[in-house]
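Chain residues, written in single-letter form:
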Amino acid sequence: MQTKFKKSYKFAVNTSLYITIFITLLTSVFLFYFFEFIWYYVLGITLCTYLFSFLIIQFRVEKFIYKRVKKIYDDLTLLESASLTKGAITTDMRTLTQEIDKYARDKKIEIETLRVREQYRKEFFGNVSHELKTPLFTVQGYIETLLDGAIDNKAVREKYLQRASKGIERLGYIVKDLDMITKLEVGDLSLNIETFNIIELVENVFDMFEMKANKKKITLTFDTDYEKPIMVNADKERIQQVLTNLVVNSIKYGRIKGTTEVSIENLIKNKVIVRVTDNGEGIEKEHLPRLFERFYRVDKSGSRKEGGSGLGLSIVKHIIEAHNEKIYVESEYGVGSEFSFTLEKAK
């Protein structure tokens, strides 16, 4: 499809005017000194000069410029610049320069975005592969050992089947958590909003992991005695999942004889903020911006001392954002960490 050409007369008008003024002055001086000065002769020469100059500049010079400008547009069109082909081609250099500058900036941003996404994609698939490979190879190894004859030994058979079962359970966690994150991202996971006492929910989570904390002599506690309930509006099951992930992480990375403390404070009139604080090993600042990414590892060695899918914090972030709330993290390496999130306070 041929691109429409938008004519610009400004250059021709101004240039013709300059040429006409010069020739008119030159003719007037010539007639004044050598012949009789007749004003209508001068006016006729002025008009003829202006019209001739305008036509020559407008149609000859513009054609010269247009061929080169059109080539620039055609080259940019090959790069799929939709914004440059929507309107008519103009020979105005300022407009053309602005369009090309805008095109270049947009493309630079697009390229940088694609580069970041590509890097994220590589890391994500690498992490998924690692997380799935470890339990798969573990289960495969135990089953092959049993098939090679170990199945006849009752003690070995039971031990290997139990370990294979744990590997399959680990795979189940990963698939289930990935499915949940996907549903949260696309908005397919509906929330069951209800009013409940957040203090009571935290106490339930403490009861669930009291034995796990006792193994490391970690104390699970509130920052103060809450005599009155604090009612919030949220999905109780999902918020319990959030608290579970945060408390389990504080125990997992907490120091022996340490403390995990939960506090609930009024943030603004209709908001409360829930803080989960520990005095564990802490997180270095360089890791904080990417802490909620799927499978992102603070420990780059790739080893996992504890079980789990590696998606806990990513799920926490998605659940809180699904409530249209915010989650924050503050940490100092060697001192401890604090994760906090907001909730809507019930009226």
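Residues numbered from 1 in each chain as written. Predicted model: local features only at pLDDT ≥ 70, side-chain atom pairs only at ≥ 80, totals over all residues. Heavy atoms only, no water.

## A short note on the packing of helix α6 (residues 198-208) against helix α8 (residues 236-252)
Here is step 1: Look at α6 against α8: their axes get within 10 Å of each other, and the N-to-C directions meet at 50°. When the axis of α6 is compared with that of α8, the two are oblique. With respect to the hand of their crossing, α6 and α8 are arranged in right-handed fashion. On α8, the residues touching I198, L201, V202, V205, F206 and M208 of α6 are K236, I239, Q240, L243, T244 and V247.
Here is step 2: Looking at the contact of α6 with α8, its residues break down into nine nonpolar, two polar and one charged. (Axes fitted to C-alpha atoms, helices over the stretch in contact; angles between N-to-C directions. Helix = DSSP H or I, 4+ residues; strand = E, 2+ residues; numbered from the N terminus. Parallel < 35°, antiparallel > 145°, perpendicular 65-115°, else oblique. Left-handed = near helix turned anticlockwise from the far one by under 90°. Contact = heavy atoms within 4.5 Å. Nonpolar A, V, L, I, M, F, W, Y, C, P; charged D, E, K, R; others polar.)

## What about the packing of α8 against helix α9 (residues 312-322)?
Here is step 1: It is the contact of α8 with α9, at a shortest axis distance of 9 Å, that shows an interaxial angle of 145°. For the pair α8 and α9, the sense of crossing is left-handed. Residues R238, I239, Q241, V242, N245, L246 and N249 of α8 form the contact with α9, whose participating residues are G312, L313, I315, V316, I319 and I320.
Here is step 2: A per-class count over the contact of α8 with α9 returns eight nonpolar, four polar and one charged.

## Topic: unusual backbone geometry
Here is step 1: Although it is not a glycine, K217 adopts a positive phi angle of roughly 55°.
Here is step 2: As for its position among the elements, K217 is in the loop between α7 (210-215) and β4 (219-222).
Here is step 3: The backbone of K257 sits at a positive phi, close to 65°, despite the residue not being glycine.
Here is step 4: Along the chain, K257 falls in the loop between α8 and β6 (259-268).
Here is step 5: For K257, a relative accessible area of 64% translates into the label exposed. (Buried < 20%, exposed > 50% of the residue type's maximum accessible area, 1.4 Å probe, protein only.)

## Comments concerning the confidence of the model for the chain
Here is step 1: Overall, the prediction assigns the chain a mean pLDDT of 78, with 73% of residues at 70 or greater.
Here is step 2: Across residues 81-86, confidence stays below pLDDT 50; counting only partners more than four residues off in sequence or on other chains, it has seven contacts. (pLDDT = per-residue confidence, 0-100.)

## Things to note about a negative patch on the surface
Here is step 1: A cluster of acidic residues, E200, E203, D207 and E210, forms a negative patch on the protein surface.
Here is step 2: When residues of the negative patch are assigned to their parent elements, the largest contribution, three residues, is made by α6. (Patch = residues over 30% accessible without salt bridge, like charges linked within 9 Å, V, L, I, M, F, W, Y side chains within 5 Å. Areas by Shrake-Rupley, 256 points an atom, 1.4 Å probe, with all protein chains shown as cover. Salt bridge = Lys/Arg side-chain N within 4 Å of Asp/Glu carboxyl O. Lys, Arg positive; Asp, Glu negative; His and termini not counted. Charge placed at Lys NZ, Arg CZ, Asp CG, Glu CD.)

## Quick look at α6
Here is step 1: Buried residues of α6: I198, I199, L201, V202, V205 and F206, and no others. One side of α6 holds all its buried residues, which, seen down the axis, span an arc of 160°.
Here is step 2: By the N-cap criterion, in which a side-chain oxygen at the helix start approaches the backbone nitrogen of a residue two or three places on, α6 is capped by N197, the distance to I199 being 3.1 Å. (Arc of directions from axis to C-beta. Polar contact = N/O pair within 3.5 Å; in protein donor to acceptor, adjacent residues only side chain to side chain.)

## Some details on the nonpolar core
Here is step 1: Of all hydrophobic cores here, the largest spans 49 residues; its most connected members are I198, I239, L243, I264, F341 and L343.
Here is step 2: Of the residues forming this core, the biggest block, seven residues, is contributed by α8.
Here is step 3: Residue contributions to this core reach at least three from each of two domains, namely domain 2 (100-186) and domain 3 (194-344).
Here is step 4: With residues near it in sequence (within four places) discarded, I239 still touches F196, I198, L201, A234, I320, H323, F341 and L343. (Core = buried A, V, L, I, M, F, W, Y, C linked by side-chain atoms within 4.5 Å. Domains from an automatic or database assignment.)

## Remarks on a nonpolar patch on the surface
Here is step 1: A cluster of nonpolar side chains, namely L17, Y18, I21 and L25, defines an oily patch on the protein surface of about 420 Å² accessible area.
Here is step 2: Among the structural elements, Y18 can be located in helix α1 (residues 10-34).
Here is step 3: You can call Y18 exposed: its relative accessible area is 57%.

## Section: α8
Here is step 1: Compared with an ideal rise of 1.5 Å per residue, which puts 17 residues at 24 Å, α8 spans 24 Å between its outermost C-alpha atoms and is within 8% of the ideal.
Here is step 2: A large share of α8 lies buried, amounting to 14 of its 17 residues.
Here is step 3: Capping the start of α8, D235 holds a side-chain oxygen 3.1 Å from the backbone nitrogen of E237, two or three residues further along. (Expected span 1.5 Å × (residues − 1).)

## Looking at the environment of R163
Here is step 1: Along the chain, the position of R163 falls in helix α5 (residues 154-186).
Here is step 2: Separated by 21 residues in the primary sequence, R163 and Y142 have C-alpha atoms spaced 7.7 Å apart.

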